[in-house]
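# Close look at the chain arrangement
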Amino acid sequence: MAKLTSEQLACVTSRAKSIRRHIVSMVTGAKSGHPGGSLSATDILATLYFAEMNVDPKRPDAPDRDRFVLSKGHAAPVLYATLAEKGFFSKEEFSGLRKIDSMLQGHPDMKGTPGVDMSTGSLGQGISAACGMALAAKVDGKQHRIFALLGDGELEEGQVWEAAMFAAHYKLANLTAFVDFNGLQIDGKITDVLSPLPIPEKWQAFGWNVLQIDGHDIPAIYDAIQTAKACKDKPTVIVATTVKGKGVCQMENVADWHGKAPSQEECDLFLSEMAEED
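Residues numbered from 1 in each chain as written. Predicted model: local features only at pLDDT ≥ 70, side-chain atom pairs only at ≥ 80, totals over all residues. Heavy atoms only, no water.

Selection rule: UniProt positions are given in the numbering used here, feature names are shortened, and annotations may be inferred rather than shown by experiment.
The name an unreviewed UniProt entry gives the chain is Transketolase, with Anaerospora hongkongensis as the organism. Under the UniProt heading Cofactor (unreviewed entry), the note attached to the chain is "thiamine diphosphate". The Sequence similarities (unreviewed entry) field of the UniProt record for the chain holds the comment "Belongs to the transketolase family."

Structure representation (structure tokens):
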């Protein structure tokens, strides 16, 4: 099984730091958006795009590319920041986040944004679309893989579990889903709103290969992906324990930052503190 090299680790770590800065700046400029769950998912996307996935910014529609579906579409800032870091479009586009006629809308738009493989926003629909992509690839005998990221609050949607049954029934081993398990959603703790616990046991009961990791441990993320690729008879879900607002001390584990933009003063402070940690 492939191991993450020291060069890859250094690259992913550096990119993750840049992505977090972009998220904070982007949401501040838009005066709206979802920073908390974007920051919690940063290490996962950085690992996928800079150490694992077969994608090429020069060929964004290549038929043999791996696909990524951001099922929790409100975390669009982390996807946009990652795609720009990868070279799919200029970072100058960040200033247009959530503005009319911008390529960076509040939720991902596959028709308007290079590198976005599926338009998402309504929770539960992203993982369903990912299942369709995986089945199509399997039927066509293609070797590319499908990755999806769900929020833990998203698991409260019934459509997620319909998709889970579908993927297990059709043995979609080319599908790997991540659950961003930060324990918080817009209204507070997931256990107070509508508890989806126990998460690993539920996915196992639905017929999935289940892995559990620290979602900020880059080598662990990479190793889990390799383990998922080695599983040939069922889809894999990687339950990644994360921290809402990871990387910004004042945002960490605070549900209020799920969908609130920092003020310019807060942004300057956050970016300064993040720079000091480098």
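### Re the packing of helix H1 (residues 6–30) against helix H9 (residues 218–230)
Angle between the axes and distance between the axes are the two parameters that describe a pair of packed helices. For the record, the criterion: Lines fitted to C-alpha atoms define the axes, with helix axes restricted to the stretch in contact, and inter-axis angles between N-to-C directions lie between 0 and 180 degrees. What counts as a helix is a DSSP run of H or I of at least four residues, what counts as a strand is a run of E of at least two, and both are numbered from the N terminus. The labels follow the angle: roughly parallel below 35 degrees, roughly antiparallel above 145, roughly perpendicular from 65 to 115, and oblique for the rest. Left-handed describes a crossing whose near helix is turned anticlockwise from the far helix by less than a right angle; the clockwise case is right-handed. Should any heavy atoms of two residues lie within 4.5 Å, those residues are considered in contact.
Between H1 and H9, whose axes approach to 10 Å, the crossing angle comes to 115°. Of the possible angle classes, the one that applies to H1 and H9 is roughly perpendicular. The handedness of the crossing between H1 and H9 comes out as right-handed. Side by side, H1 and H9 meet where Gln8, Leu9, Val12 and Thr13 of the first sit next to Ile218, Pro219 and Tyr222 of the second.

### Quick notes on the packing of helix H3 (residues 42–52) against helix H4 (residues 76–86)
Using the following cut-off: Classes in brief: Ala, Val, Leu, Ile, Met, Phe, Trp, Tyr, Cys and Pro nonpolar; Asp, Glu, Lys and Arg charged; the others, Gly included, polar.
One way to put it is that H3 packs onto H4 with a least axis distance of 10 Å and a crossing angle of 30°. By the angle class used here, H3 and H4 are roughly parallel. Seen from above, H3 lies across H4 with right-handed handedness. Residue-level contacts link Thr42, Leu45, Tyr49 and Phe50 of H3 to Val78, Leu79, Thr82, Leu83, Glu85 and Lys86 of H4. Residues of the contact of H3 with H4, tallied by class, amount to six nonpolar, two polar and two charged.

### Brief notes about the sheet that holds strand S1 (residues 67–70)
Put simply, the test is: One requirement defines pairing of two strands: DSSP has to find at least two bridges between them.
Read from one edge to the other, the open sheet built from five strands follows the order S1-S2-S3-S7-S6, with strand pairing classed as parallel. For this open sheet the edge positions go to S1 and strand S6 (209–214), each flanked by a neighbour on one side alone. Between one strand axis and the next, the sheet turns by 20° as a mean value, whatever way the strands run. As defined by bridge partners, strand S3 (residues 175–181) adjoins strand S7 (residues 236–241) across six bridges and the pair is classed as parallel. In the strand pairing of S7, alanine 177 is matched with valine 237. The strands that H9 touches are strand S2 (146–151), S3, S6 and S7; relative to S6, the one it contacts most, it runs at about 170°.

### Some thoughts on the environment of tyrosine 49
Quick note on the threshold: Under the scheme applied here, a residue whose accessible area is under 20% of the maximum for its type counts as buried, over 50% as exposed, and between as partly exposed, the area being computed with a 1.4 Å probe on protein chains only.
Its place among the elements puts tyrosine 49 in helix H3. With relative accessibility at 2%, the residue tyrosine 49 sits in the buried group. Separated by 175 residues in the primary sequence, tyrosine 49 and alanine 224 have C-alpha atoms spaced 15 Å apart. For tyrosine 49, the residues in contact, after removing those within four places along its chain, are Val55, Phe68, Leu79, Thr82, Leu83, Lys86 and Gly115.

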